[in-house]
Amino acid sequence: MITDTTRWWKYKDGVHEAVCGDIRTLAEKLQYRSDQNLKFLRLYSNNHIQSLQGGSYDEPDPYNPDRLVLNVIQSVVNAVTAKISTNRPRCMPLTEGGDWQLRQQAKQLGKFFDGQFYQSQVYRYSRQMFRDACIYGTGALKVEPDWRDTEDPQIVTKRHLIDDIFVDPVDGRQGTPR
């Protein structure tokens, strides 16, 4: 039994026990964030949502006396999302003092980046992530290889709710959490 889970990545045996213990501890520490995120979602959706778990916020309360007639929060978030997330930033490789062939390679690499963004639906998910950031304060996208086809793995993008990501605030303060 591992009692000190602060350095789980250094253990050779029983790593799963240390990681699960760490996640339980983080979930207890970060419960206030989950409560805040639930509050923010309730304000945005104008419904009394029970929890942030999947099926629990599909059922709106038909009669809610606290329900706002005009939800300004939702209107502002939707307007800002529509205005700002229509921009499509691009990765564009630049050459400094390169010859014609190097500039052509950079142009082809830019087309490759555009194709990867299109194929992995980065812009679609980034719009959802931006709305999450407006509602909860933070939005998250995960970019990873899809190894289902081992011959030709693809790059996929997934949106994750911020409550699904556990980062120790002390460990992540410098931007390099383990």
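Residues numbered from 1 in each chain as written. Predicted model: local features only at pLDDT ≥ 70, side-chain atom pairs only at ≥ 80, totals over all residues. Heavy atoms only, no water.

### Side note on the overall build of the protein
When helices and strands are counted, the protein shows 5 helices and 2 strands. Here the protein holds 178 residues, and 20% of them are scored as buried. Residue pairs at least 24 apart in sequence account for 48% of intrachain contacts in the protein once pairs closer than 6 positions are excluded. (Helix = DSSP H or I, 4+ residues; strand = E, 2+ residues; numbered from the N terminus. Buried < 20%, exposed > 50% of the residue type's maximum accessible area, 1.4 Å probe, protein only. Contact = heavy atoms within 4.5 Å.)

### Remarks on the environment of F112
Looking at where F112 falls in the secondary structure, it is placed in helix α4 (residues 100–119). For the pair formed by F112 and C91, sequence separation is 21 residues and the distance between their alpha carbons is 9.7 Å.

### Regarding the packing of aromatic side chains
Geometrically, a pair of aromatic rings is defined through the distance of the ring centres and the angle of the planes. Considering all chains together, one arrives at 2 aromatic pairs under this definition. A ring pair is formed by F112 and F113, whose centres lie 6.3 Å apart and whose planes are at 50°; its orientation type is tilted. On the basis of relative accessibility, which here comes to 46%, the residue F112 falls in the partly exposed class. Plain terms: the ring middles of F117 and Y123 are 5.6 Å apart, the flat faces sit at 55° to each other, and that makes the pair tilted. (Phe/Tyr/Trp six-rings, centres within 6.5 Å; stacked < 30°, edge-to-face > 60°.)

### Section: the layout of surface pockets
Counted as a void, the largest pocket has a volume near 540 Å³. If you trace the largest pocket, you find 22 residues lining it, with S34, N37, I162, D163 and D164 closest to the centre. Of the residues forming the lining of the largest pocket, the biggest block, 8 residues, is contributed by helix α2 (residues 31–45). Its residues assigned to classes, the lining of the largest pocket shows 11 nonpolar, 7 polar and 4 charged. (1 Å grid on protein atoms, 1.4 Å probe; cavity = no way out; pocket = protein on both sides within 12 Å on 5 of 7 lines; lining within 4 Å. Points joined across faces, edges and corners; volume = space filled by probe spheres on them. Nonpolar A, V, L, I, M, F, W, Y, C, P; charged D, E, K, R; others polar.)

### Considerations on empty space enclosed by the protein
All told, the structure shown has 1 cavity of 30 Å³ or more when counted by the stated rule. Size it by volume and the largest cavity reaches roughly 30 Å³. As for the largest cavity, its lining consists of N37, L52, Y136, L161, I162 and D163. Of the residues belonging to the lining of the largest cavity, the class tally is 4 nonpolar, 1 polar and 1 charged.

### So, the pattern of salt bridges
Evaluated as defined, the whole model comprises 5 salt bridges. Two residues, D114 and R90, come together in a salt bridge whose shortest N-O distance is 2.7 Å. Of this pair, D114 sits in helix α4 while R90 sits in the loop between α3 (72–84) and α4; the two residues are 24 residues apart in sequence, bridging distant segments of the chain. By relative accessible area, D114 is classed as partly exposed at 27%. A single salt-bridge network, built from bridges that share partners, covers K142, E144 and K158. (Salt bridge = Lys/Arg side-chain N within 4 Å of Asp/Glu carboxyl O.)

### Thoughts on α2
In this model, α2 (15 residues) spans 21 Å end to end at C-alpha, consistent with the 21 Å of a helix rising 1.5 Å per residue. Residues N37, L38, L41, Y44 and S45 constitute the buried set of α2. Around the axis of α2, the buried residues are gathered within 125° of arc, so they sit on the same side. Its buried side turned inward, α2 meets α3 and α5 (122–136). Where α2 ends, the next residue or the one after it, N46, has phi of about 65°, a positive value. (Expected span 1.5 Å × (residues − 1). Arc of directions from axis to C-beta.)

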